[in-house]
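What follows is the residue order along each chain.
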Amino acid sequence: FYQLSFTVVGSNGYRVAVADVRLSPTFEVAHGAVTKLRVEREPGDLASGFLLSTQPAVRLLDAQDNVADDVYPTTWVRGETDDAIQVQLQGFNGSALTGTVSVFPVRGWANFTDLGVTGPANEEYKMLFQIPGKPVQKASDFFAVRTFTTMVVSSQPLNPSFLATPMARSPKVLIKDSNGELVPAPFNITVSILLADGSP
């Protein structure tokens, strides 16, 4: 037989046999070398200067889309997944990516946890994930960086409200940018009570 191959990762119980011929010893099938990345969790929109509302996660795959989970003992396979996954920002003049931009994969996953962006408001930012020194990379979908300019009270407190009891309807405040788009607001908003004449 010549150049037999497997395309799906399996256990260590495989055998090769031909009818009426002796079985081979058992062997395992491991994933191949990492040849592609897949963005399983896309970066979420954010307010400029804060963290992404959703942090990205990237999966490492071989040519047959098997997850390079690095659980097999073969040295050359393990070496392929020991490389850190790095991320770069594809942004605009004055924009910058913050946080931990290099992550070592664990069982075929590279999970980023503290990425943020500082830069001008725009709906067409992207991130590029790559293994340095190798032709393995993948860009994310577009995500938005927004700057908050307006607070809108979308739900007013219900009148009347009574002393020492919860409001029948609590106010709801939306944070929006200059285009009226909602802005993720990773900060606290303080509320205070004013009298009818505007005094505290």
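Because the structure is a prediction, the values reported are computed rather than measured.

Engineer: Could you clarify how one ought to interpret the sheet that holds strand S8 (residues 109–111) in this entry?
Structural biologist: Picture the strands of a sheet paired through backbone hydrogen bonds; they go either parallel or antiparallel. Read across the open sheet, the three strands follow the order S1-S4-S8; overall the sheet is antiparallel. Where the open sheet ends on each side, the last strands, each with one partner, are strand S1 (36–41) and S8. Across the sheet, the mean angle separating the axes of adjacent strands is 25° when strand polarity is ignored. The sheet contact formed by strand S4 (residues 57–61) and S8 spans three bridges and is antiparallel.

Engineer: Help me understand the environment of Gly-49, please; the structure alone is not making it clear to me.
Structural biologist: Structurally, Gly-49 can be placed in the loop between strand S2 (46–47) and strand S3 (50–51). According to the relative accessible area criterion, Gly-49 is partly exposed, its value standing at 49%. Each C-alpha atom of the pair Gly-49 and Ala-96 lies 9.3 Å from the other, and the pair is 47 residues apart in sequence. Those residues within four positions of Gly-49 in sequence are excluded, and the remaining contacts are Val-117 and Thr-118.

Engineer: Any chance you could explain the side chain of Gln-55 here in plain terms?
Structural biologist: Looking at the element boundaries, Gln-55 is found in the loop between S3 and S4. A polar contact of 3.4 Å, which involves the side chain of Gln-55, links it to the backbone nitrogen of Asp-114. Apart from the residues lying within four places of it in its own chain, the contact partners of Gln-55 are Arg-41, Phe-112, Thr-113, Asp-114 and Leu-115.

Engineer: Explain the pairing of strand S10 (residues 122–130) to me, please; I cannot follow it from the model alone.
Structural biologist: Two faces, one strand: in a regular strand the side chains alternate between the faces of the sheet. The pairing of strand S5 (residues 85–90) with S10 spans five bridges and is classified as antiparallel. Considered in S10, the bridge of Val-87 is made with Phe-129. As paired elements, S10 and strand S11 (residues 137–139) share three bridges and run antiparallel to each other. Counted as the bridge partner of Leu-128 is Ala-139 from S11.

Engineer: Sorry if this is basic, but what is going on with the confidence of the model for the protein here?
Structural biologist: For the protein, per-residue confidence averages 81 on the pLDDT scale, and residues scoring 70 or more make up 79% of the total. Below pLDDT 50 for its whole length, residues 71–81 participates in 22 contacts with residues either more than four positions away or in separate chains.

Engineer: Explain the packing of aromatic side chains here, please?
Structural biologist: To describe a pair of aromatic rings, one takes the distance between the centres and the angle between the planes. According to the stated counting rule, one finds four aromatic pairs in the structure shown. Through pairs of rings, three or more aromatic residues link up here, namely Phe-92, Tyr-125 and Phe-143.

Parameters at a glance
Residues numbered from 1 in each chain as written. Predicted model: local features only at pLDDT ≥ 70, side-chain atom pairs only at ≥ 80, totals over all residues. Heavy atoms only, no water. Pairing = 2+ DSSP bridges. Helix = DSSP H or I, 4+ residues; strand = E, 2+ residues; numbered from the N terminus. Axes fitted to C-alpha atoms, helices over the stretch in contact; angles between N-to-C directions. Buried < 20%, exposed > 50% of the residue type's maximum accessible area, 1.4 Å probe, protein only. Contact = heavy atoms within 4.5 Å. Polar contact = N/O pair within 3.5 Å; in protein donor to acceptor, adjacent residues only side chain to side chain. pLDDT = per-residue confidence, 0-100. Phe/Tyr/Trp six-rings, centres within 6.5 Å; stacked < 30°, edge-to-face > 60°.

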